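# Geometric and topological summary
Here is how the chains run, residue by residue.
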2 protein chains.
Amino acid sequence: MDVEIITIGDELLLGRTIDTNSAYIAHKISALGLNVRFKSSVGDDVAEIEEAIKLAVKRSGVVIATGGLGPTDDDNTKKAIVKVFQRRLVFDEKLLEDIRARYARRGIEMPAINQNQALLPSGSHIFKNKIGSAVGIGVIEKDFMFIALPGVPVEMRQIIDDEIIPFLKGKSLGRPLQMVTLRTNGIIESQLAEILSQDLKPESGVKLAYLPGESGVDLRVVGSGDKVEIVGESVRRLVSYIEKKVSKHIYGRDSDTLPSVIGQLLNDNDKTVAAAESCTGGMLGEMITTVSGSSKYFLGSIVAYANEIKERQLGVSKGLLEKHGAVSEECAVEMAVGCRRVFECDYALSITGISGPDGGSEDKPVGTTYIGLSSAHTNFARRFNFGVDRQTNRARACYAALELLRREILDID
Amino acid sequence: MDVEIITIGDELLLGRTIDTNSAYIAHKISALGLNVRFKSSVGDDVAEIEEAIKLAVKRSGVVIATGGLGPTDDDNTKKAIVKVFQRRLVFDEKLLEDIRARYARRGIEMPAINQNQALLPSGSHIFKNKIGSAVGIGVIEKDFMFIALPGVPVEMRQIIDDEIIPFLKGKSLGRPLQMVTLRTNGIIESQLAEILSQDLKPESGVKLAYLPGESGVDLRVVGSGDKVEIVGESVRRLVSYIEKKVSKHIYGRDSDTLPSVIGQLLNDNDKTVAAAESCTGGMLGEMITTVSGSSKYFLGSIVAYANEIKERQLGVSKGLLEKHGAVSEECAVEMAVGCRRVFECDYALSITGISGPDGGSEDKPVGTTYIGLSSAHTNFARRFNFGVDRQTNRARACYAALELLRREILDID
């Protein structure tokens, strides 16, 4: 069954807000085996929202909209629903009590304006919101389902996970797409493509996509078709072909991330890690600690942004800094060694580089980054040239550091 | 003139890739005064890309597409362009040389597959790509412009900034929207709405939008209409009304961020800052250093994820940790005080909290966070309850810490 996603809000068309909602919904919906065919965005205008909903319910069996359910004047989704589906707005006393209680728990008196959020289109199916005041609204008919969710990402995600997915599962609408994502780091897209195309035998119903990003290149294998078992076989064949060809670059699958993979490896080996960061300003530690439970293996980091902190906190010598500069192989090694001494950890990672946009030279252009690693067995640093913008250079450096650690633990290369 | 954005790629409909491109383009295009009316996404299928382009050039004067220009088999945008606009693919020798030279500079031999990227639809306008191999392709006719850009965000952004914006400016297609965004922190959306609605006199052609996010609530004032000066007056009136009503919560305007505002304040006052982080794992330092030039005032941070690091590196006493726990007002104060001692800085910020999803209790539920500040004049910590998901709790904590510093420097409250 085809699904369509509509995101609503002037902020999306003005471009100062990045739409993360539609990707989240699409991901969850695809995993159910439903096919997301269209995505569109409209502004806060009632007539334009109406038009978008009308078109969507005409061409798609399930339509999920986000945004425009807040309490303020620029929130118009309910007005549009009422017009398109010929409902009226009715007051839900029970819902009002819930909203009031939610504010009370936070120690705030409910602002009067939030009363609006207890007004719902007549005959709506309510999808509970555990975090905020705007509930999800369903208009469920025989031949289509229209669902409107709040645009605040944390609220939308909670309602999708706890309410919408179980609800749609109960309707058994589709056959699962078969999808495997192999995640790589340390090799560029076209090199991967060159290696993988050598002996590749295309099979119908199975597609391979290359998805480059900050964390490396993801290889996505997607199979579709009515013959579930045959498609499954084709997907497995392609996946094991890829695994054989580029094995050492693959750090994980699907929802694995470099921080989660590193965490698992450190846990399994009962080892600890700490970091010494310069240009990344703390991003490496931040990434490692995206994993809940990372306190088992991550001790902490020293962000030595200023050179005197590199000296004082990490024991990098003044002479070394004067001779080689802070962005050097020598400094990266000293930072890692100093970090391992300070934290008394098994592995220490260090990053020092020129993130840009300023500070580059002919010899060390913007993006030049040294990543160091210290363990009981080895102390070394490697040079990388990322050469993009400040934030991307920083993110790539952190992922490269984690990949360096992964290969060190697994003794790859 | 109406503009439409098409993003191309299976990954967008499968939802594992967040589309940041369309927001970037919409933002830049809106600032030119062009009206982004539609956004849509399609997969990598040639026929579906064709349909999307046909519909778009029929209803919009300027169509900008991203994605599907890579070297691999799943990149189909050029095939669709050739069909829709009845062109053929021709080989561009000069472009091939450029691509080969780019690889040579990185010390890599050009993979053979990248030759594809020198194939262009006949009669195309080329928009140069300084970062990667896929150039932007323009099909420019009297009554419409169709522009295809690569989907890799850094490449797309560079081409938009350096090529597309100057190109469109030269065509003088629109009248600038008048837009001011006031950025707030420390007050929730409905409280803002309640305060602002008290004496608000709506004026036609001017809209106020509330945009809540991790960094606080943005208030966007947008004016449109033919009478540029009258609209400008209305926008200015609304902006100064808001500034009067909620002055202390407004930290900046438009492209200001809390890190950039803090940076400016520290620079202006010739002061330095450092951070002691626990649950945020380094995110506060990472945020501060998103600002190029932050080395002038940011010395570094100590990420004390493990309790023994809080003791050893920050001097938090064992007794305090045993009595009050690491997530406590007392610990936050000690962390800040210790941080200021270690870094010899003017201001030290500390963050300790329960990010979740585990670790909460009745007394200290997930999201409970203490933020400390130490300066020559004061040492204190404040309790916050963010109560959302792990990553959002962490981001809100960092913004709240920066806002605490802003108010301290400016002596607000």
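Everything numeric in this text was worked out from a predicted model, so none of it was measured.

Conventions used here
- Residues numbered from 1 in each chain as written.
- Chains lettered and ligands numbered in written order.
- Predicted model: local features only at pLDDT ≥ 70, side-chain atom pairs only at ≥ 80, totals over all residues.
- Heavy atoms only, no water.
- Helix = DSSP H or I, 4+ residues; strand = E, 2+ residues; numbered from the N terminus.
- Buried < 20%, exposed > 50% of the residue type's maximum accessible area, 1.4 Å probe, protein only.
- Contact = heavy atoms within 4.5 Å.
- Areas by Shrake-Rupley, 256 points an atom, 1.4 Å probe, with all protein chains shown as cover.
- Lys, Arg positive; Asp, Glu negative; His and termini not counted.
- Charge placed at Lys NZ, Arg CZ, Asp CG, Glu CD.
- Buried area = accessible area lost by both parts, 1.4 Å probe.
- Salt bridge = Lys/Arg side-chain N within 4 Å of Asp/Glu carboxyl O.
- Polar contact = N/O pair within 3.5 Å; in protein donor to acceptor, adjacent residues only side chain to side chain.
- Pairing = 2+ DSSP bridges.
- Least-squares fit on C-alpha atoms with pLDDT ≥ 70 in both.
- Expected span 1.5 Å × (residues − 1).
- Arc of directions from axis to C-beta.
- Phe/Tyr/Trp six-rings, centres within 6.5 Å; stacked < 30°, edge-to-face > 60°.
- Lys NZ or Arg CZ within 6 Å of the ring centre and 35° of its normal.
- Axes fitted to C-alpha atoms, helices over the stretch in contact; angles between N-to-C directions.
- 1 Å grid on protein atoms, 1.4 Å probe; cavity = no way out; pocket = protein on both sides within 12 Å on 5 of 7 lines; lining within 4 Å.
- Points joined across faces, edges and corners; volume = space filled by probe spheres on them.

## Re the overall build of chain A
The helix and strand tally for chain A stands at 14 helices and 17 strands. C-alpha extents for chain A along the principal axes are approximately 75 × 60 × 40 Å. For chain A, with 413 residues in total, the buried portion stands at 58%. Within chain A, contacts between residues separated by at least 24 positions form 67% of all contacts whose residues are at least 6 apart in sequence. If you sum the accessible surface of chain A, you get close to 17,200 Å²; carbon and sulfur atoms cover 48% of it. For chain A, the distance from the average site of its 51 positive side-chain charges to the average site of its 56 negative ones is 3 Å.

## What about the interface of chain A and chain B?
If you look at the interface, chain A gives 93 residues, while chain B gives 93 residues. Approximately 7,000 Å² of surface area, both sides summed, lies buried where chain A meets chain B, with 53% of it carried by carbon and sulfur atoms. Three residues stand out in chain A for area buried against chain B, namely Leu14, Arg16 and Lys39 of chain A, and they jointly supply 10% of the buried area on that side. Glu286 of chain B is the salt-bridge partner of Arg394 of chain A, the closest N and O atoms lying 3.1 Å from each other. There are 42 residue pairs in polar contact (both at pLDDT 80 or more) connecting chain A and chain B. Of all the elements, strand β14 (residues 298-304) of chain A adds the most residues to the side of chain A that touches chain B, at seven residues. As judged from the five bridges shared by β14 of chain A and strand β14 (residues 298-304) of chain B, these two strands associate in the antiparallel manner. Residue pairing across strands places Ile302 of chain A opposite Ile302 of chain B, the latter belonging to β14 of chain B.

## Re the relation of the copies chain A and chain B
One copy of the chain maps onto the other through a rotation about an axis followed by a shift along the same axis. Superposing chain A onto chain B takes a rotation of 180° plus a shift of 0.0 Å along the axis, which leaves an RMSD of 0.0 Å. Viewed as a symmetry operation, the transformation between the two copies matches a two-fold axis. Taken together, the interface assignments show that 100% of the residues at the interface of chain A recur at the interface of chain B, consistent with an identical surface on both copies.

## As for helix α5 (residues 93-105) of chain B
The α-helix advances 3.6 residues per turn, and as a result positions three or four apart in sequence lie on the same side. Residue and element names in this part refer to chain B. Between its terminal C-alpha atoms α5 stretches 19 Å, which fits the 18 Å expected from 13 residues at 1.5 Å a residue. Taken residue by residue, α5 has Leu95, Leu96, Ile99, Arg102 and Tyr103 as its buried positions. The buried residues of α5 occupy an angular sector of 120° when the element is viewed end-on, so they sit on one face. With respect to the buried face of α5, the exposed residues turned more than 90 degrees away are Glu93, Lys94, Ala104 and Arg105. At the N-terminal end of α5, a side-chain oxygen is found 3.2 Å from the backbone nitrogen of Lys94, two or three residues along, and the residue is Asp92.

## Some points on helix α7 (residues 189-197) of chain A
Listed as buried for α7 of chain A are Glu189, Ser190, Leu192, Ala193 and Leu196 of chain A. Summarising the axial view, the buried residues of α7 of chain A lie within an arc of 155°, below the 170-degree limit, and thus occupy one face. Buried residues in α7 of chain A make contact with β9 (178-184), β10 (206-213), β11 (216-223) and α8 (228-246) of chain A together with α5 of chain B.

## Describing the packing of aromatic side chains
Following the criterion strictly, the structure yields ten aromatic pairs over all chains and no others. Aromatic pair Phe127 of chain B and Phe167 of chain B: ring centres 5.2 Å apart, planes at 85°, arrangement edge-to-face. Placement of Phe127 of chain B in strand β6 (residues 125-127) and of Phe167 of chain B in helix α6 (residues 153-169) is noted, with a sequence separation of 40 residues between them. Relative accessible area serves as the criterion here: at 1%, Phe127 of chain B is assigned to the buried category. Under the relative-accessibility criterion, Phe167 of chain B is labelled buried at 16%. A connected cluster of aromatic rings, assembled from ring pairs, spans Phe85, Phe144 and Phe146 of chain A. Its end group placed over the ring of Phe38 of chain B, Arg59 of chain B keeps NZ or CZ at 4.0 Å from the ring centre. A cation sits over an aromatic face here: Arg157 of chain B above Tyr24 of chain B, 5.9 Å from the ring centre.

## A closer look at the sheet that holds strand β7 (residues 136-140) of chain B
Pairing in this open sheet of twelve strands is mixed, and the strands run β6(A)-β7(A)-β8(A)-β3(A)-β1(A)-β2(A)-β2(B)-β1(B)-β3(B)-β8(B)-β7(B)-β6(B) from one edge to the other. Looking at which strands have only one partner, the edges of the open sheet turn out to be β6 (125-127) of chain A together with β6 of chain B. Neighbour to neighbour, the strand axes of the sheet diverge by 20° on average, direction disregarded. Here β6 of chain A pairs with strand β7 (residues 136-140) of chain A via three bridges, running antiparallel. When the bridges of β7 of chain A are listed, Phe127 of chain A appears paired with Gly136 of chain A.

## Some points on empty space enclosed by the protein
Going through the model one piece at a time under the given rule, you end up with four cavities of 30 Å³ or more. By volume, the largest cavity amounts to about 130 Å³. Every residue lining the largest cavity is counted, 16 residues in all, and those nearest its centre are Asp19 and Ser41 of chain A together with Asp19, Ser22 and Lys39 of chain B. If you list the elements that add at least two residues to the lining of the largest cavity, you get β2 (35-42) of chain A together with β1 (2-8), α2 (21-31) and β2 (35-42) of chain B. Within this model, the second largest cavity holds a volume of roughly 70 Å³. Considering the residues around the second largest cavity, the lining is formed by Asp10, Glu11, Leu14, Asp44 and Asp74 of chain A together with Lys207, Leu208, Ala209, Leu211, Arg220 and Val222 of chain B. Contributing elements (two or more residues each) for the lining of the second largest cavity: α1 (10-14) of chain A together with β10 (206-213) and β11 (216-223) of chain B. The greatest single-element share of the lining of the second largest cavity, amounting to four residues, is contributed by β10 of chain B.

## Re the pattern of salt bridges
One side chain can pair with another of opposite charge once the charged atoms of both are near each other. Going through the model one piece at a time under the given rule, you end up with 46 salt bridges over all chains. In this structure, Asp2 of chain B engages Arg37 of chain B in a salt bridge whose closest nitrogen and oxygen atoms are separated by 3.3 Å. Linking Asp2 of chain B in strand β1 with Arg37 of chain B in strand β2, this pair joins segments that are 35 residues apart in sequence. Judged by relative accessible area, Asp2 of chain B falls into the partly exposed class, the value being 23%. The residue Glu97 of chain B makes a salt bridge to Arg100 of chain B at a minimum N-O spacing of 3.7 Å. Note that Glu97 of chain B and Arg100 of chain B are positioned in helix α5 at a spacing of three residues, about one turn of the helix. For Arg100 of chain B, a relative accessible area of 36% corresponds to the partly exposed category. Through salt bridges with shared partners, one network takes in Lys248, Glu403, Arg406, Arg407 and Asp413 of chain A.

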